[in-house]
2 protein chains.
Amino acid sequence: MRETREILQAAKAAAPVLAAASAETKNAALEAIASRLLSEQDAILSANAEDMARARETLGAVMSDRLLLTPERVAGMAAGIRDAVALPDPVGQVLRRTERPNGLIVEKVAVPLGVIAIIYESRPNVTSDAAALALKAGSAVILRGGKEAFRSNAAIANAIKLGLSDAGLPSDLAGFIEDTSRDSARELMEAEGLIDLLIPRGGAGLIRACMERAKVPCIQTGTGICHIYVDASARQDMALDIIENAKTSRPSVCNAEEVLLVHSAIAAEFLPKLCKRLTADRAAKGLPVVELRLDSRAGAIIPGTAAGERDFDTEFLDYILAVGVVDSVEDAIAHIGRHSTGHSEAILTEDDGAAARFTQAVDSAAVYVNASTRFTDGGEFGLGCEMGISTQKLHARGPMGLEELTSYKYIVRGNGQTR
Amino acid sequence: MRETREILQAAKAAAPVLAAASAETKNAALEAIASRLLSEQDAILSANAEDMARARETLGAVMSDRLLLTPERVAGMAAGIRDAVALPDPVGQVLRRTERPNGLIVEKVAVPLGVIAIIYESRPNVTSDAAALALKAGSAVILRGGKEAFRSNAAIANAIKLGLSDAGLPSDLAGFIEDTSRDSARELMEAEGLIDLLIPRGGAGLIRACMERAKVPCIQTGTGICHIYVDASARQDMALDIIENAKTSRPSVCNAEEVLLVHSAIAAEFLPKLCKRLTADRAAKGLPVVELRLDSRAGAIIPGTAAGERDFDTEFLDYILAVGVVDSVEDAIAHIGRHSTGHSEAILTEDDGAAARFTQAVDSAAVYVNASTRFTDGGEFGLGCEMGISTQKLHARGPMGLEELTSYKYIVRGNGQTR
């Protein structure tokens, strides 16, 4: 097994080659990686079969499905890499240019970060998705996946390394960490001087550990206790559609709705419609029914589970929705301020003043008016891709596309200026 | 003494008022603060006299001078605040706007960070400078200065609070930490949920402590081991001017030059001129002479101290310059890669290829061609102001102006879109 530190040092040593590479070179490397993923498909699928055999004993059906690779999924990974080829190169863009009165020309230019490390969990496609974005952004990438997908990830990483070599670039630009114990995660968190950005993608425990222990720059991603507030003026038919979509279209993702707040002026009319839509109507269609966890005011209007102490502070990631009644947009804003994780929140309203107040005061990465929180995504926002959703305020907030995976430097050209 | 935690909670509670304030309101508050600094001048000067009386016993002349306030310096502080009034308001700027095919309008809008805390050392004018920038950027500010300047800082903070109240804003928007022990610094570093950005301004020990302990977002500032590389093709007269300026115009600041690298092809010709310029010529004018610490190749050409093991890794902040001889721009780049703190580096050259190679490969916040490193400064770069120089790559790099003291959020407007 290659030592983690050795892999990091090799990536750091190789990074300047990629930082200096043209968009054409980087795109040729991504094409070569996509080709290798397809040509190495048998090796990848057989490694995945080994992972799956072990996983069936320990993981549930949902987790097993996340782990599973098929020829279609491998083709999807290759297609994802080719999508990254099509994106504009963020590196070298002149972000600002000023000529100073003394003749100095000050340019703020986008540059690669250097080495980007990702700690992720079960889905093996993250291996190729993350590598493609980091490499396109001009950085070496360090991949540290979960234990369950180890063989699959290793086979995918091997195809990535082969593709880099095919394109004449150092294969060390993609470092694959073979140690899947907590030790290696900790080693990455503490690898000062070797990692320029660490992105933890996974459960709350992993993200918490990074925030507490990381000595390298780290971006907090993911946890989303997303709120939708239905204002008194909301179009109720639209509200039902949006709420059902935000809760049920993919309940396991971070931009799914977890909490619904309804203005008291319409609660008696709206909540029964909501209850019907999320329970009886769905049952009639054979769809999973949403469990409603109700505060006392909502519980006085519709049937459901009485909300417990933690229900307004839980990322359910399931067919469960906490429902509360509030008396004004200000109360909704205050509730969100106390309970939100700063990911995505929506107001449904026909009142422009309420919308303005909400979008100004809610301090989250994405604030919606009359749309589903499910749109918080790099592709949906027009960034073309994403490495995750940042819930912090420094550097990047919301979906992180290629631009958010770069830094910048100032290049100053003079003709002898002194100060 | 008011508890640190209580001050932080009050600032966080007050922050939304400022975040929602118009540019006019913020500017009126800054004007009121400037007026109060002038009207409270006697109180400020007498507090400073107390600090000075204690400082004379313990601090040297340079440190005492940094601590000293005079009517002129107080007027300068007020003028600095009025300069911030003149700067454009960064908050609310639409940084990007996209209309998506499904009709969603996605706006990326600049927003205040919330609460910005600054830990600083002896100079009391930082109290008003930092407060003015943070408040103009729409954030509450927490000020935690050094022990030596405690009375001066308290008097200045009082004037700031009076100014905020005069303008009808909560005085808690400027929190002054009365505890100057290490405990309060640590409390700020660990105040998760109460501080959105912590900026340590001070010595390497403070910055190191923040990087290791901070659980709140923190920006690394300041340490500058700045290099100048004199290429074989450099105009030597210009090089002498730039080097003397970068080393001697203000040796105690982070953008001063600490290391000079000279191409071997011109070393025998250039180094004697350099030695004369930095020693004999300066002595003849009664100026402080620069001590040269020479690697073995430079030492074979000119007289000076033989460089010790640490001399190429030391921020001297003094009239001392480490001098080495290299064989190519690539060797200079490699040396800088090993020894730089990522602040500012310059190449002096008439060769465009060498300049391009240097500006591409040197991974520092500011990279110069034919100009002094002393220009790394918010004002000199055209940002109008600065809170410090970031030597990290995430969020902000180089001088941090108002824009770098904000974050952004996505505001998404729809008409019922679901996904």
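Residues numbered from 1 in each chain as written. Chains lettered and ligands numbered in written order. Predicted model: local features only at pLDDT ≥ 70, side-chain atom pairs only at ≥ 80, totals over all residues.

### Re the overall build of chain A
So, step 1. Counting its secondary structure elements, chain A contains 15 helices and 16 strands.
So, step 2. Against the compact-globule benchmark of 22 Å for 419 residues, chain A has a radius of gyration of 24 Å, which places it among compact chains.
So, step 3. Overall size of chain A, expressed as C-alpha extent along the three principal axes, is 70 × 65 × 35 Å.
So, step 4. Put simply, 72% of the contacts in chain A that link residues at least 6 apart link residues at least 24 apart. (Helix = DSSP H or I, 4+ residues; strand = E, 2+ residues; numbered from the N terminus. Rg over C-alpha atoms; globule rule 2.2 N^0.38 Å. Contact = placed C-beta atoms within 7 Å.)

### With respect to the sheet that holds strand β11 (residues 320-326) of chain B
So, step 1. Judged by pairing direction, the sheet is mixed, and its 10 strands sit side by side in the order β1(A)-β2(A)-β16(A)-β13(B)-β12(B)-β7(B)-β8(B)-β11(B)-β9(B)-β10(B) without closing on themselves. Every other strand in the sheet has two partners, leaving β1 (94-99) of chain A together with β10 (305-306) of chain B as the edge strands with one partner each.
So, step 2. Pairing between β1 of chain A and strand β2 (residues 105-112) of chain A: five bridges, direction antiparallel. Bridge assignment links R97 of chain A to a residue of β2 of chain A, and that residue is E107 of chain A.
So, step 3. Where helix α11 (residues 264-284) of chain B meets the sheet, it contacts β7 (226-230), β8 (257-263), β9 (291-294) and β11 of chain B, and its direction lies at approximately 140 degrees from that of β8 of chain B. (Pairing = 2+ DSSP bridges. Axes fitted to C-alpha atoms, helices over the stretch in contact; angles between N-to-C directions.)

### A look at the packing of helix α5 (residues 71-86) of chain A against helix α6 (residues 125-136) of chain A
A pair of packed helices can be characterised by two numbers: the angle between their axes and the separation between those axes.
Residue and element names in this part refer to chain A.
So, step 1. Packing of α5 against α6 brings their axes to within 9 Å, and their N-to-C directions diverge by 10 degrees. Viewed along their axes, α5 and α6 adopt a mutual orientation that is roughly parallel. When α5 is examined against α6, the residues R73, M77, G80, I81 and A84 are found in contact with a partner set consisting of N125, S128, D129, A132, L133 and K136.
So, step 2. Counted by class, the contact of α5 with α6 contains five nonpolar, three polar and three charged residues. (Parallel < 35°, antiparallel > 145°, perpendicular 65-115°, else oblique. Nonpolar A, V, L, I, M, F, W, Y, C, P; charged D, E, K, R; others polar.)

### Things to note about the interface of chain B and chain A
By convention, interface size is frequently given as the accessible area that disappears when the constituent parts associate.
So, step 1. Between chain B and chain A, the contact holds 55 residues from the first and 55 residues from the second.
So, step 2. Listed by contribution, the elements that provide at least two residues to the side of chain B that touches chain A are α9 (204-213), α10 (236-248), α14 (352-361), β13 (366-371) and β16 (406-417) of chain B.
So, step 3. Examining the composition of the side of chain B that touches chain A, we find that 11 residues originate from one element, β16 of chain B, more than from any other.
So, step 4. Relative to β13 of chain B, strand β16 (residues 406-417) of chain A runs parallel, the two sharing five bridges. The residue of β13 of chain B that forms the bridge with R413 of chain A is V369 of chain B.

### Overview of the sheet that holds strand β7 (residues 226-230) of chain A
So, step 1. With mixed pairing, 10 strands are arranged side by side in an open sheet as β10(A)-β9(A)-β11(A)-β8(A)-β7(A)-β12(A)-β13(A)-β16(B)-β2(B)-β1(B). Both outer strands of the open sheet, β10 (305-306) of chain A together with β1 (94-99) of chain B, are each paired with one neighbouring strand and no more.
So, step 2. As defined by bridge partners, β7 of chain A adjoins strand β12 (residues 344-348) of chain A across four bridges and the pair is classed as parallel. Note on β12 of chain A: the bridge partner recorded for H227 of chain A is E345 of chain A.

### Quick notes on the relation of the copies chain B and chain A
So, step 1. Expressed as a screw operation, the relation of chain B to chain A combines 0.0 Å of axial shift with a rotation of 180 degrees, fitting to an RMSD of 0.0 Å. Classification of the inter-copy transformation places it as that of a two-fold axis. No C-alpha of chain B lies nearer the rotation axis than that of H395 of chain B, which sits 1.7 Å from it.
So, step 2. A high fraction, 100%, of the interface residues of chain B reappear at the interface in chain A, so the copies pair face to face through one surface. (Least-squares fit on C-alpha atoms with pLDDT ≥ 70 in both.)

### Let's talk about the packing of helix α2 (residues 23-39) of chain B against helix α5 (residues 71-86) of chain B
All names here are of chain B.
So, step 1. Relative to each other, α2 and α5 sit at 175 degrees, their axes nearing to 9 Å. Viewed along their axes, α2 and α5 adopt a mutual orientation that is roughly antiparallel. Facing α2, whose interface residues are N27, L30, E31, I33, A34, L37 and L38, α5 presents V74, M77, A78, I81, R82, A84 and V85.
So, step 2. Looking at the contact of α2 with α5 residue by residue, the classes come out as 11 nonpolar, one polar and two charged.

### Section: the environment of A267 of chain B
All names here are of chain B.
So, step 1. Positionally, A267 belongs in helix α11.
So, step 2. A sequence separation of 76 residues divides A267 from A191, and the C-alpha atoms of the two residues are 53 Å apart.
So, step 3. In this view, A267 contacts V262, R297, A298, I301 and V325; residues no more than four positions away in its chain are not counted.

### Examining helix α3 (residues 41-58) of chain B
Since one α-helical turn is 3.6 residues long, residues separated by three or four positions face the same way.
So, step 1. The terminal C-alpha atoms of α3 of chain B lie 26 Å apart, and with 18 residues this matches the ideal 26 Å at 1.5 Å per residue to within 8%.
So, step 2. If you check which residues of α3 of chain B are buried, you get I44, A47, N48, D51 and A55 of chain B. (Expected span 1.5 Å × (residues − 1). Buried ≥ 20, exposed ≤ 12 C-beta atoms within 10 Å, placed from the backbone.)

### Notes on the pairing of β16 of chain B
Residue and element names in this part refer to chain B.
So, step 1. When you tally the buried positions in β16, you get nine out of 12 residues, the bulk of the element.
So, step 2. With eight bridges joining them, strand β2 (residues 105-112) and β16 adopt antiparallel strand pairing. What sits directly across from V111, in β16, is S407.

### Thoughts on unusual backbone geometry
Residue and element names in this part refer to chain B.
So, step 1. A positive phi angle, close to 55 degrees, is found at L317, a residue other than glycine.
So, step 2. Mapped onto the secondary structure, L317 falls in the loop between β10 and β11.
So, step 3. The class of L317 is partly exposed, set by 16 C-beta atoms lying within 10 Å.
So, step 4. The residue H395 is not glycine, and still its phi comes out positive at about 70 degrees.

### Topic: the pairing of β11 of chain B
Residue and element names in this part refer to chain B.
So, step 1. Summarising burial for β11: six of the seven residues are buried, a large majority.
So, step 2. Sheet topology note: the β8/β11 ladder contains five bridges and is parallel. Bridge assignment links L261 to a residue of β11, and that residue is G324.
So, step 3. Across four bridges, the pairing between β9 and β11 is parallel.

### Some words on the environment of V106 of chain A
So, step 1. With respect to the helices and strands, V106 of chain A occurs in strand β2.
So, step 2. Counting along the chain gives 18 residues from V106 of chain A to P88 of chain A, while the straight-line C-alpha distance between them is 24 Å.

### Some points on helix α1 (residues 4-19) of chain B
Residues and elements named next belong to chain B.
So, step 1. Taking 1.5 Å of rise per residue, the 16 residues of α1 would be expected to cover 22 Å, and the 22 Å separating its terminal C-alpha atoms lies within 8% of that figure.
So, step 2. The axis of α1 is deflected most strongly, by about 30 degrees, at A13, and proline P16 appears within four residues downstream.
So, step 3. Three or more residues of α1 are buried, namely T4, I7, L8, A11, K12, A14, A15 and L18.
So, step 4. Where α1 is buried, its residues meet β3 (115-119), α6 (125-136), β4 (140-144), β5 (174-176) and α8 (182-189). (Bend = angle between axes of the 7 residues up to and from the residue.)

It is worth stressing that arrangement in space is one thing and function is another; only the former is reported here.
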